[in-house]
Amino acid sequence: MVQGRIYPALFTMEKTSVLSLNNLSKRFGSVLANDAINLTLKQGEVLALLGENGAGKTTLMNMLFGHYVPDSGSIDVADETGKMHPLTLGHPQAALDAGIGMVHQHFTLAENLSSLDNILLGSESLFSWRHKRKKARKKITAIMQRTGLSAPLDEKIGQLSVGERQRVEILKALYHDAKILVLDEPTAVLTPNEADTLFENIAAMTREGLSVIFISHKLHEVLAFSQRIVVLRHGKLVGEIITADANERKIAQMMVGADTPATPRQAMPPGAPVLDLKSLTIKGENTRNSLYDADLCIHSHEIVGIAGVSGNGQSALARVISGLITPNSGSISMNGEKLTRFTPPAMLKAGVGRIPEDRHHDGIIGAMSVSENLIIERLSDSDVQTYGFLKQHNIATHAKELCAAYDVRGPGIESAVRLLSGGNIQKLILARVFESSPHLILANQPTRGLDLGAAGEVARRLLEARRDGAGILLISEDLDEVLALADRVFVIHNGHLTIAHNKDRTTIGLMMAGEKAC
Amino acid sequence: MDILNILISDSFWAASLRIATPLIFGVLGALICERSGVLNLGIEGIFVAGAMAGWMAVWFGAGLWGGLLVAASVGALFGLLHAVLTVPLGLSQHVSGLGITMLATSVSYFAYRTALPNLSSPPRIEPFQPLDIPIISDIPFIGAVLSQQTAMTWLALFLVLLVWWVLERTPLGLAIRAVGDNPDAVDAQGLSVYALRIGAVMAGSALMALGGAFLTMSAFDSFFFGMVNGRGWIAIALVIFASWRPGKALLGALLFGAFDAFQVRLQTEVGAFVPSQIFLMAPYVLSIIALVIVARRAEYPRALLKPWFKGQR
Amino acid sequence: MLRIEPRESPSRWWTLGVPIASALLALLLAAIPLAFAGANIFEGYRQMAKGIFGSTFAFTEMLTRATPLIFTGLAVTLAFRAKLWNIGAEGQLYLGAMAAVIVGTGMIDAPPFILIPIILLAGASAGAVGMAGPAYLKTRFGADEVVTTLLLNFIILIFLQMMLEGPLKDPMGMGWPQSKPIVDDGILPQLLPRMRVHAGLIIALLAAVIAHIMLSKTVWGLKLRAVGENAAAALHAGIKVKRTIIGAAIVSGALAGLAGVGEVTGLRGYLTTDLSPGYGYTGIVVAMLAGLSPIGVVISALFIASIFVGADSMSRAMGVSSYLADLVVAMSLICVLVGGFVARYRITRTGKGDV
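Predicted model only: the values in this text are computed from it and were never measured.

Quick word on the overall build of chain B
Inference 1: In terms of regular secondary structure, chain B is built from 14 helices and zero strands.
Inference 2: Secondary structure elements in chain B, listed N-terminal to C-terminal, are α-α-α-α-α-α-α-α-α-α-α-α-α-α.
Inference 3: What you see for chain B is a C-alpha radius of gyration of 20 Å, in line with the 20 Å of a compact globule of 313 residues.
Inference 4: Expressed along its principal axes, the backbone C-alpha trace of chain B runs to roughly 65 × 50 × 45 Å.
Inference 5: Across the 313 residues in chain B, those meeting the buried criterion constitute 54%.

Here is the structure:
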């Protein structure tokens, strides 16, 4: 990755404003999500909007796009002549018409449609009798040449890589004549190489006069590619700094308020092998769901971290260890015994505890109660049932104890789990997993979407389990998390697992992009 | 007459096309709804409502084309009800659709009985007559098949072309396909997910009603209870078989019509040895078999059955 | 901007009040078709009430009507709880009736306390097979059970015609396509002298209680609900999803089969193709009105039966088409759907964000 400041902050002062947010406030119940935020964006500028999860970044952008109506404040946008006009609030169409384009973290693309169709969507009058595809293609090709963004136009989105999809999203915004582009965590899904390409493209776009707001929490990117940094914390704008004057330490302090405490972590000699994968191969329908010839051994008292950009085979690895798929070849041993059946009950029986990646989809049954969700993995145990009848009293007592021990907060043990917050749902899953003292814990993206407090709690519990003798397989896209928690790090790329011999950021970054470690 | 003779007779193919016509309307209608992401199990009832309303309008003097207009409007109205329940309110598309079927069926029967009480034999109207188009009827074989068809069959064939064109070649069709695949994509472009889906369900339901109207205004000349007899459900199965494509839908309906016409003719040949019910059962059994064969490969519109609420990502 | 969001926790009042309000609303809406038919609306309602509560006979007729509806309502409830869309209760009802006729018209000679359980078992098994098939096609091939069960209804009815004109035909039936009568020892006893209400009602009530216990107090029920609410999470948690679905299908089909057995052995005594005026389909309304709760099914079956009996008697007295009953039943389904929405969601001006 190119380190260094490509864009000196020199020019920003002279340029005209294209957008200004004036005193925007938004309250949800008792939480003030945005508190009197003032922000201006200059033409051709790359402005980084920085903040932890829950700092209010998304709320601010949702107001800009008309998804939310601000409680107070206004937004002004410049027209072609540079004159500022107030934006009609609460209407996405108004934001689009004013030339604001957004690339969401979760792409808003229709997978069964081609790139071209996705770009065309909404750009023509609905009731014309045919598309003007030729003209559209010409315009898109021109944009591609100017900015260096490239994507296959006639392939279905479903066939494209994540990086290509993102480029289609950006092309879509530019095709709709966006003058202001908002990118929400654009590099979260990219390899370092792809990210570099993206930033080159952004540079080309700003030369064309486009202005970019770039939401991120990765300090090094922000430092390398923005001209100005704005930091949000607890809904307030707490800092604004010209990038040239900033360094990592300075902005990190702005973001969290103080120096981040490192997770306390003691050195510990690994014990006996718990999980042993030998030349494990899974042939999925594509590389996202495949794993080739993987060798991996996890010992007791050890956390093994799997770093990698999402969609490189992590889900195949997680699914096979969860018992959801059967490997095509190779072997899996638990505590020295070779497994023959690959089903969720068999894995549970072998002593595998699973923290699934998508907790709402795989981890909980939202309409069922907290107490039922806590016993769902051990329905044949004798303290839960006799002759098929549930022991309601035991189940309730059990739920109360676990909720107290793991600090699961919610309306009550008999209420539906979906009423709990994300952090409390994750704590419930932790309670269920740790209660059975598993030999192996699969922690797949265990802190994704959690606030700092809940994420810290998850890390503490994982370290505790390690102390108590469990082996832990930690799969995470967050390299910082992997580096902080893991004893050994493997990198997964295109379905291949490779060990990282030292925990060096740059080396691992290169490996994540598929380059051989030196 | 042996099997080969059946297959090369123009009357057989004319009958196939005639039997296929209501299914073409039905499959196209269901296809439009499902392409936008809404399953419409109201189809069976909307068939009944279309059959009754169209016929009734003609009976009261609206004229044949007026009758079709009435049928389509009634269908669109039931479609609107289904769409309101399932799109902005996001209720179960299965249950709502079955509710529409029950409602449309009972409203039609009640209205028919109330408007025409005390009738011993069902009253008749003057239905659509076969359309003799000079140049076409001169084509050998095909001319003979087509000249036995009424204007409604021609309308159905034209609609196949129109629906294909709209879905594949126009911005509106693109928006409908997109909303059935990923409503967020449509919403992000400032288009209304609700309006697109409601519109698609109404249009689809209007076509379903025309399928029903064909029964009372072209195939027969009167309305009687139980005349739809599962055609709507067969159309739902055929949509899956046709992988949501208008061209394949036409093919599926024609194959189905041919099979049905064939079994009727076969029945006269071997009817003495085989109970007639075996033949009556065949179309339904065939639909299930077709469904089982294609089910694994079927690529459902990705947003089908999934409710979408504005502002909830 | 208006947004739809779930209520924090739907209160007891909502869950109880909504079905009752929807049922009453549907009854009120019946005034519209009544007015169209040119009838006196108030007289219509009076005749309806009279048809339900006017006499012991009227009331027991209502109970008789409710009996098959409890069975089909339970069948739909159990299936829908597992998100298995069994729209084929009508066909399964006829399968149950056919099995009852095969076993109960002289094939087995035994005293009632042996013969009746055998008939019930035969009917339940036939119904169970009728639903296990579509469930198998769903779990094995991914064939949509909505379409297969709907089409099976037609297939089964035609098959029944064939049987009634063939092997099951009553030689003494003067050429009518009907089965031989059930032997006396196989007839379900009447509950009251000279009234048609029969022991099937007791069995239905018992079935409702058992279904309630199975659903909420057993591991089987917990698994079924888990699969219905989130199949992916259930699978992840180690529940055998396909087996659970097939299990739900078997119980659902068996209950629908029992509806047919009750009608044949408790009411008609023989089988014809018009045994059920759509009890299978009406079972869906019963189940939805009951909020998919087995105990609720009993109450909503009584309500729907009242509408049928009341509307029948009204149409006889006033010359309004008896399709009015179907109309009211359909409207109550639509009403309860909307009501369920009102209970579960609220519409607010703005919503919660990412905090």
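Topic: the sheet that holds strand 11 (residues 273-282) of chain A
Inference 1: The strand order 12-11-14-15 (chain A) describes an open sheet built from four strands, whose pairing is antiparallel. In this open sheet, the two edge strands, each paired with only one partner strand, are strand 12 (291-299) and strand 15 (337-338) of chain A.

Remarks on the sheet that holds strand 3 (residues 46-50) of chain A
All names here are of chain A.
Inference 1: Strand order in the open sheet formed by six strands is 6-7-8-3-9-10, with mixed pairing between adjacent strands. Either end of the sheet is taken by a strand with one partner, and the two such strands are strand 6 (100-103) and strand 10 (236-242). Geometrically, the sheet is characterised by an average inter-axis angle of 20 degrees between neighbouring strands, direction not taken into account.
Inference 2: Bridge analysis of strand 7 (residues 180-184) against strand 8 (residues 211-216) gives five bridges, and the strand direction is parallel. Among the inter-strand pairings, Leu-181 is bridged to a residue of strand 8, identified as Val-212.
Inference 3: Running over the sheet, helix 5 (residues 162-175) touches strand 6 and strand 7 and is turned about 170 degrees from strand 6.

Overview of the interface of chain B and chain C
Inference 1: Counting residues at the interface gives 37 residues for chain B, matched by 40 residues for chain C.
Inference 2: Of the residues that constitute the side of chain B that touches chain C, the class distribution is 25 nonpolar, nine polar and three charged.

Looking at the interface of chain B and chain A
Inference 1: Opposite the 20 residues of chain B that make contact, chain A presents 24 residues.
Inference 2: Looking at the side of chain B that touches chain A, the elements that each hand over two or more residues are helix 9 (171-181) and helix 10 (183-188) of chain B.
Inference 3: When residues of the side of chain B that touches chain A are assigned to their parent elements, the largest contribution, seven residues, is made by helix 9 of chain B.
Inference 4: Each residue belonging to the side of chain B that touches chain A can be placed in one class, and the counts come to nine nonpolar, five polar and six charged.

Quick word on the nonpolar core
Inference 1: Of all hydrophobic cores here, the largest spans 395 residues; its most connected members are A:Ile100, A:Leu473, A:Leu474, B:Val27, B:Ala237, B:Leu238 and B:Val239.
Inference 2: The biggest single contributor to this core is helix 11 (residues 193-219) of chain B, with 16 residues.
Inference 3: Setting aside residues no more than four positions away along its own chain, B:Val27 makes contact with B:Ala235, B:Leu238, B:Val239, B:Ala242, B:Ala249, B:Gly252 and B:Ala253.

Details of the confidence of the model for chain B
Inference 1: In this model, chain B carries a mean pLDDT of 91, and residues with pLDDT of at least 70 account for 98%.
Inference 2: Reported confidence for the predicted complex is 0.91 by ipTM and 0.90 by pTM.

Considerations on the environment of A:Leu153
Residue and element names in this part refer to chain A.
Inference 1: As for its position among the elements, Leu-153 is in the loop between helix 4 (133-147) and helix 5.
Inference 2: On the basis of neighbour counts, which here come to 19 C-beta atoms within 10 Å, the residue Leu-153 falls in the partly exposed class.
Inference 3: Distance from Leu-153 to Thr-141, taken between C-alpha atoms, is 9.5 Å for residues twelve residues apart in sequence.
Inference 4: Beyond its immediate sequence surroundings of up to four residues, Leu-153 is in contact with Ser-114, Ser-115, Leu-116, Arg-137 and Ile-140.

With respect to the pairing of strand 20 (residues 471-476) of chain A
Residue and element names in this part refer to chain A.
Inference 1: Here strand 20 lies mainly inside the structure; six of its six residues are buried.
Inference 2: Residues Gly-471, Leu-473 and Ile-475 line one face of strand 20 and the alternating positions Ile-472, Leu-474 and Ser-476 line the opposite face, and both faces are buried.
Inference 3: Where strand 19 (residues 440-444) lies against strand 20, five bridges are found, and the strand directions are parallel. Its bridge partner being in strand 20, Ala-443 is matched across the sheet by Leu-474.

Re the environment of A:Glu357
Residue and element names in this part refer to chain A.
Inference 1: Examined against the element boundaries, Glu-357 turns out to sit in the loop between strand 16 (352-355) and helix 11 (359-363).
Inference 2: Considering only alpha carbons, one finds Glu-357 and Ser-322, 35 residues apart in sequence, at a separation of 11 Å.
Inference 3: Contact partners of Glu-357, with chain neighbours within four places excluded, come to Ala-318, Asn-444 and Gln-445.

With respect to the domain arrangement of chain A
Inference 1: By domain assignment, chain A separates into domain 1 (1-99 + 179-261), domain 2 (109-176), domain 3 (277-351 + 438-518) and domain 4 (365-436).
Inference 2: The C-alpha centroid of domain 3 of chain A is placed 36 Å from the C-alpha centroid of domain 2 of chain A.

Here we look at helix 9 (residues 314-322) of chain A
All names here are of chain A.
Inference 1: Burial of helix 9 is extensive: nine of the nine residues sit out of reach of the surface.
Inference 2: Among the residues making up helix 9, those that are buried are Gln-314, Ser-315, Ala-316, Leu-317, Ala-318, Arg-319, Val-320, Ile-321 and Ser-322.
Inference 3: Just downstream of helix 9, Gly-323 is the residue with a positive phi angle, here 90 degrees.

Remarks on helix 13 (residues 392-405) of chain A
Residues and elements named next belong to chain A.
Inference 1: With 14 residues, helix 13 should cover 20 Å at 1.5 Å per step; its first-to-last C-alpha distance of 20 Å lies within 8% of that length.
Inference 2: The set of residues buried in helix 13 consists of Ile-395, Ala-399, Leu-402 and Cys-403. What you see down the axis of helix 13 is that its buried residues fit within an arc of 100 degrees, all on one side. Summarising the geometry of helix 13, the exposed residues directed more than 90 degrees from the buried face are His-393, Ala-404 and Ala-405.
Inference 3: Phi turns positive one or two residues past the end of helix 13, at Asp-407, with a value near 55 degrees.

Focus: the pairing of strand 1 (residues 17-28) of chain A
Residue and element names in this part refer to chain A.
Inference 1: Taken together, the eight bridges between strand 1 and strand 2 (residues 31-42) define a ladder with antiparallel strand orientation. Each bridged residue has a counterpart across the sheet, and for Phe-28 the counterpart in strand 2 is Val-31.
Inference 2: For strand 1 and strand 4 (residues 72-78), the ladder comprises five bridges, and the chain directions are antiparallel. Looking at the pairing, Leu-19 lines up with Val-77 of strand 4.

Calculation criteria
- Residues numbered from 1 in each chain as written.
- Chains lettered and ligands numbered in written order.
- Predicted model: local features only at pLDDT ≥ 70, side-chain atom pairs only at ≥ 80, totals over all residues.
- Helix = DSSP H or I, 4+ residues; strand = E, 2+ residues; numbered from the N terminus.
- Rg over C-alpha atoms; globule rule 2.2 N^0.38 Å.
- Buried ≥ 20, exposed ≤ 12 C-beta atoms within 10 Å, placed from the backbone.
- Pairing = 2+ DSSP bridges.
- Axes fitted to C-alpha atoms, helices over the stretch in contact; angles between N-to-C directions.
- Contact = placed C-beta atoms within 7 Å.
- Nonpolar A, V, L, I, M, F, W, Y, C, P; charged D, E, K, R; others polar.
- Core = buried A, V, L, I, M, F, W, Y, C linked by C-beta atoms within 7 Å.
- pLDDT = per-residue confidence, 0-100.
- Domains from an automatic or database assignment.
- Expected span 1.5 Å × (residues − 1).
- Arc of directions from axis to C-beta.

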